[in-house]
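Each chain, written out:
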Amino acid sequence: NKKLPIASFVLVAPGAGTAADPAGKAGLAAFTADLLDEGAGGLTALGIAEEQDRLGASIKIGAGTDAAVVAVDTLSRTLDTTIDLVTKVITQPAFEQKEFERVRGDRKTAIDLRRDQPREVVGIVLGGALYGHDSAYGHAGAGTQASFKNLTLADTKGFFAEHWNPATMTLVIAGDVDAAALKKKLDGGLGAWKPAGVKPIAKVDATAKPLGKRLLVVDRKDAAQSDVRIGLVGPLWSDKRYFEFEVLTTTLGGGFTSRLVQKLREEMGITYGAGASVDWRLQPGPFVIGTAIQTPDTGRGIAEIIKILDDLSANELSAAELEKSKQNIIRALPAMFDSNGATANAFADLALHGKPDAYYATYADAVRKVTAKQVKEAARAIIPTGKMTVAIVGDLAKIKADLAKLGLGEPGMHDAYGTPK
């Protein structure tokens, strides 16, 4: 893309995400990713920041569930020098004790303050219920108070050495670049990185936990609203019903015109917003409905969500609603390529999941082929309400009576951090 003298690149590192956290060391993957630009290749953390400013570049490193990601934006005229800096950060992290202590302190503070972040807490509660609180997909990816007590600098060094494997990485670059010159530059630097000690990527066990308690609650006294998550373990991205499920999810909670928003916000006036989505992962990820309902209407709001889900399983969409959902998906597709960074991210996602490079070229046509009958069948097969778990952070004393009417059973109680009591 030669329109502007800028470029973006995304490096995706499978197996270096939070799913690879060792038992008892939740948060290690994310912590390790945080440390990479806190000193590397003879530069201090401040030196790396100053170099980014000088180059007009931005380097962001984080750990998702299945992979770690390095995202970079820079100017075309400083691309080579930016690549040199990124290569140092990725291949020569210093892992200095003082930076380790500083970043660990920041992360421990953030975890201590989690009790004041009900949206984060309710996500932890639901994830733990679906997969198991100590599982690869169910534990708190940012860590817990307990897991951070015994983390050491050696842990971060060991995780980096074992999980940041260039043989499994993919680098996607978009923008004002010369492909031949770029490949030569990369082959002589980042491409030559061949560390020893890396381990094969372990397959994640994403088996759904048997339903125990269907209703899970964090009691937040005097909460003005209840943060609600309703979900189950969803399908794989490779599922043949993928596009039917995308249309279903969009109809249910994929925007302002979705059924959830129109009912809960526009008609009932009990929430500011509501949505539904699948976190597509390498193994089956969670399907989640999320909203925050004003406290007195919590039970009524959940009951309406269940009604909407049951209706989708029992009745076909009208031709108008089906077409609206399809068009919402198709017309949103260009936004995935509205910048160099977005374009790089879109193709990095394909690389992570093993999809063909031409995937997006056939995406719209696949959506157009979805029928109302297929959407109904997908709803009935994949998201039956009887298999869903409901997690709530709210004032239990004020919502308990209405929750009892839903037939979800006695609540399983969790503490303010999302840990089962």
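Here the structure is shown first, and the text comes after it.
Reading the values: rules and limits
Residues numbered from 1 in each chain as written. Predicted model: local features only at pLDDT ≥ 70, side-chain atom pairs only at ≥ 80, totals over all residues. Heavy atoms only, no water. Axes fitted to C-alpha atoms, helices over the stretch in contact; angles between N-to-C directions. Helix = DSSP H or I, 4+ residues; strand = E, 2+ residues; numbered from the N terminus. Parallel < 35°, antiparallel > 145°, perpendicular 65-115°, else oblique. Left-handed = near helix turned anticlockwise from the far one by under 90°. Contact = heavy atoms within 4.5 Å. Nonpolar A, V, L, I, M, F, W, Y, C, P; charged D, E, K, R; others polar. Pairing = 2+ DSSP bridges. 1 Å grid on protein atoms, 1.4 Å probe; cavity = no way out; pocket = protein on both sides within 12 Å on 5 of 7 lines; lining within 4 Å. Points joined across faces, edges and corners; volume = space filled by probe spheres on them. Buried < 20%, exposed > 50% of the residue type's maximum accessible area, 1.4 Å probe, protein only. Arc of directions from axis to C-beta. Phe/Tyr/Trp six-rings, centres within 6.5 Å; stacked < 30°, edge-to-face > 60°.

Student: Help me get a handle on the packing of helix α3 (residues 79–91) against helix α8 (residues 179–187), residues and values and all.
Tutor: One way to put it is that α3 packs onto α8 with a least axis distance of 11 Å and a crossing angle of 25°. One finds that α3 runs roughly parallel with respect to α8. In the crossing of α3 with α8, the sense of the turn from one axis to the other is right-handed. Touching Leu79, Asp80, Ile83 and Asp84 of α3 are Leu182, Lys185 and Leu186, all from α8. Tallied by class, residues from the contact of α3 with α8 come to four nonpolar, no polar and three charged.

Student: Break down the pairing of strand β5 (residues 67–75) for me, citing the residues and quoting the values.
Tutor: Here strand β1 (residues 6–14) pairs with β5 via nine bridges, running antiparallel. Across the sheet, residue Pro14 finds its bridge partner in β5, namely Ala67. Pairing between strand β4 (residues 58–63) and β5: six bridges, direction antiparallel. If you follow Ile59 over to β5, its bridge partner there is Val72. Connecting β4 to the next strand, β5, in antiparallel fashion are three residues.

Student: Tell me about empty space enclosed by the protein, and name the residues and values.
Tutor: This model, assessed by the stated rule, comprises one cavity of 30 Å³ or more. Considering only enclosed or pocket space, the largest cavity measures out at about 30 Å³ in volume. Lining the largest cavity are Arg214, Ile230, Ile306, Leu309, Thr385, Met388, Val390 and Leu408. The class makeup of the residues in the lining of the largest cavity is six nonpolar, one polar and one charged.

Student: Outline helix α7 (residues 153–163), listing residues and values.
Tutor: Along α7, the residues classified as buried are Leu153, Asp155, Thr156, Phe159, Phe160 and His163. The arc that holds the buried residues of α7, viewed along the axis, is 160°, so those residues lie on one side.

Student: Residues and numbers for the sheet that holds β5, please.
Tutor: Strand order in the open sheet formed by four strands is β4-β5-β1-β6, with antiparallel pairing between adjacent strands. Unpaired on one side and paired on the other, β4 and β6 (170–175) mark the two borders of the sheet. Between one strand axis and the next, the sheet turns by 10° as a mean value, whatever way the strands run. Lying on the sheet, helix α13 (residues 340–353) is in contact with β1, β5 and β6; it crosses β1 at an angle near 25°.

Student: Describe the packing of aromatic side chains, and please don't skip the residues or the numbers.
Tutor: In this description, a pair of aromatic rings is defined by centroid distance and the angle of the planes. Applying the stated criterion to the full structure yields 19 aromatic pairs. When the ring of Tyr131 is compared with that of Tyr137, the centres are 5.6 Å apart and the planes differ by 90°; the resulting orientation is edge-to-face. Overall, Tyr131 belongs to the buried group, its relative accessible area being 4%. For Tyr137, a relative accessible area of 5% corresponds to the buried category. Ring centres of Trp237 and Tyr242 lie 6.0 Å apart, and the angle between their planes is 55°; this geometry places the pair in the tilted category. When sorted by exposure, Trp237 lands in the same class as Tyr242, which is buried.

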